[in-house]
Amino acid sequence: MDPSPSLSPELLHIFWHEGMLSHDPGTGVFDTGHDPVFLEVLEKHPENADRVRNMVSILRKGPISRFISWHTGRPAQISELHSFHSREYINYLVQADKDGGKELCCGTFLNPGSWGACLLAAGSTLSAMKYVLDGHGKLAYALVRPPGHHAQPSQADGYCFLNNAGLAVQLALDSGCQNVVVIDTDVHHGNGTAEGFYHLSNVLTISLHMNHGSWGPSHPQSGSIDEVGHNDGFGYNLNIPLPNGAGDKGYMYAMNELIFPAVQEFKPNFVVWVIGQDSSAFDPNGRQCLTMAGYRSIGHIIRKLSDEHSNGRLLIVQEGGYHLTYSAYCLHATLEGVLNLPGPLLADPIAYYPEDESFTVKVVDRIKQYWNVTIPWLKEI
Ligand SMILES: [Zn+2]
């Protein structure tokens, strides 16, 4: 198939700045930064610049390139960061940078060059959101690193320093958006974004993730189904922990049975999609076994939701995805789905593992039952 641009009137606007490559979390045993001495070859930290180099490259040179418009990102001002993060936390990060860097928590290294990249990631995401809010385009993608969805208002976590998506959501609210949904399909629990809006009913945070639980002091949230929000926010944080190996069919079942009806009920004015390719079949940091076909289908669903509820306005924010090759391919497939292209533009070069969604289907059905009895506005879905 050879889709013509007329089949996809919306261009995808990508916000990117090569200064984000200057964040280097170093080498070691996987993400520890530790050299045990007895290994001959230490690997790069999984959140290295190469992963994003390949993403930029496939979008510039791959068949999707003709549907893309590129925009240069910009650094955030310190004052802009206070809309999501505490002043004490931002001062702490600025000081850590001045001091020459620091491991802020397990695997999360603020090294020389990192802070500038953090500011570019936050500022570029804000620019992408503003571009859509101002009506210049409908589909924007913040291709940013370091990632952000684990960064809480006052706590770095999981390779994340500033919550890029959270800052953009707050900008949308401050610009008059009545309610926003954040759908996080990175393989890890979007605990930072959840924490930032946990007490609000006008931001529905949904995280679909591997059932990994809490991973220490920087990540006290469990990501379990009973973390549903506080006070006014009760019922407006929805966690969907899926069993390992959920696969394309398991993810589509969860999208169709849980996420689609919940968003239909919530009726958001704006859709923010937080993506990570670490839910792929080959990612070193995830066990969820998605392939390019699965990402493409999820992209179609998210586009449908944004078309129905937010007049097609959609901000996509990049998070994890650590397999150097497959993350780029899966990103390409994801964006094909978002653009509603009629057929795959790129074949999947490596997917072949069988999948069994039967356990995931049972888990999704149980989550739905839990929502029906626990969350007043989801009784009927
Ligand atoms: Zn992740």
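Residues numbered from 1 in each chain as written. Predicted model: local features only at pLDDT ≥ 70, side-chain atom pairs only at ≥ 80, totals over all residues. Heavy atoms only, no water.

Undergrad: How should I be thinking about the coordination of the zinc ion in this particular structure?
TA: Put simply, the ideal angle at a metal is 109.5 degrees for four donors in tetrahedral geometry and 90 or 180 degrees for six donors in octahedral geometry. Around the zinc ion, the donor atoms from the protein are Asp186 (OD), Asp186 (OD), His188 (ND1) and Asp278 (OD), and they sit 2.0 to 2.7 Å away. Here the zinc ion binds 4 donor atoms, and the angle range of 53 to 155° at the metal identifies the geometry as irregular. Each donor residue of the zinc ion lies on the same chain, and together they follow the pattern D-x1-H-x89-D. (Donors = N, O, S within 2.8 Å, 3.2 Å for Na, K, Ca; no water. Tetrahedral: all angles 85-135°; square planar, octahedral: opposite > 155°, others 65-115°.)

Undergrad: Looking at this structure, how should I read helix H7 (residues 247-266)?
TA: Counting along an α-helix, one turn takes 3.6 residues, and residues three or four places apart therefore face a common direction. Across its 20 residues, H7 extends 27 Å between first and last C-alpha, which sits within 8% of the 28 Å expected from 1.5 Å per residue. Of all the bends in H7, the greatest, near 35°, is centred on Met255. The buried count for H7 comes to 14 of 20 residues, which makes it a mostly enclosed element. Of the residues flanking the end of H7, it is Lys267, one or two places downstream, whose phi is positive at about 55°. (Helix = DSSP H or I, 4+ residues; strand = E, 2+ residues; numbered from the N terminus. Expected span 1.5 Å × (residues − 1). Bend = angle between axes of the 7 residues up to and from the residue. Buried < 20%, exposed > 50% of the residue type's maximum accessible area, 1.4 Å probe, protein only.)

Undergrad: Would you mind showing me how to read the pattern of salt bridges here?
TA: Counting across every chain of the model gives 10 salt bridges. Put simply, Asp50 and Lys44 hold a salt bridge, and the shortest N to O gap is 2.6 Å. Taking relative accessible area as the criterion, Asp50 reaches 21% and is therefore assigned partly exposed. Residue Lys44 is classed as partly exposed on the basis of its relative accessible area, which comes to 45%. (Salt bridge = Lys/Arg side-chain N within 4 Å of Asp/Glu carboxyl O.)

Undergrad: Looking at this structure, I do not really get the nonpolar core. What am I missing?
TA: Nonpolar side chains in soluble globular proteins tend to end up buried together. Core analysis: the biggest nonpolar cluster contains 112 residues, and Leu59, Tyr141, Ile183, Val272 and Trp371 have the highest contact counts within it. Ranked by residue count, the leading element in this core is helix H4 (residues 114-133), at 12 residues. In contact with Leu59, not counting residues within four places along its chain, are Ile14, Ile64, Ser65, Ile68, Trp70, Tyr141, Leu143, Leu331, His332 and Leu335. (Core = buried A, V, L, I, M, F, W, Y, C linked by side-chain atoms within 4.5 Å. Contact = heavy atoms within 4.5 Å.)

Undergrad: What should I look at first to understand the pairing of strand E5 (residues 102-105) in this one?
TA: The two faces of the sheet receive side chains in turn, since in a regular strand these alternate between them. The pairing of E5 with strand E6 (residues 108-110) spans 3 bridges and is antiparallel. Among the inter-strand pairings, Glu103 is bridged to a residue of E6, identified as Phe109. Where E5 folds back onto E6 in an antiparallel hairpin, the turn is made up of 2 residues, including Gly107, whose phi is positive at roughly 80°. (Pairing = 2+ DSSP bridges.)

Undergrad: Got a minute to help me understand the sheet that holds strand E10 (residues 237-242) in this structure?
TA: Backbone hydrogen bonds are what pair the strands of a sheet, in a parallel or an antiparallel way. Within the open sheet, the 8 strands sit side by side as E4-E1-E7-E12-E11-E8-E9-E10. Their pairing is parallel. With one partner strand each, in any of the chains shown, strand E4 (68-72) and E10 form the two edges of the open sheet. Adjacent strand axes in the sheet meet at a mean angle of 15° when their direction is disregarded. Running at roughly 175° to strand E9 (residues 203-210), H7 makes contact with strand E8 (180-184), E9 and E10 of the sheet. Where helix H8 (residues 292-309) meets the sheet, its contacts fall on strand E7 (139-142), E8, strand E11 (270-275) and strand E12 (314-318), and the angle it forms with E11 comes to roughly 160°. (Axes fitted to C-alpha atoms, helices over the stretch in contact; angles between N-to-C directions.)

Undergrad: How should a nonpolar patch on the surface be read in this particular structure?
TA: Taken together, the side chains of Val29, Phe38 and Leu39 define a hydrophobic patch exposed on the protein surface, amounting to about 310 Å² of accessible area. Within the element layout of this structure, Leu39 appears in the loop between strand E2 (27-28) and strand E3 (43-44). Classification of Leu39 by relative accessible area gives partly exposed; the value is 42%. (Patch = residues over 30% accessible without salt bridge, like charges linked within 9 Å, V, L, I, M, F, W, Y side chains within 5 Å. Areas by Shrake-Rupley, 256 points an atom, 1.4 Å probe, with all protein chains shown as cover.)

Functional significance is not addressed by these values, which are geometric in nature.
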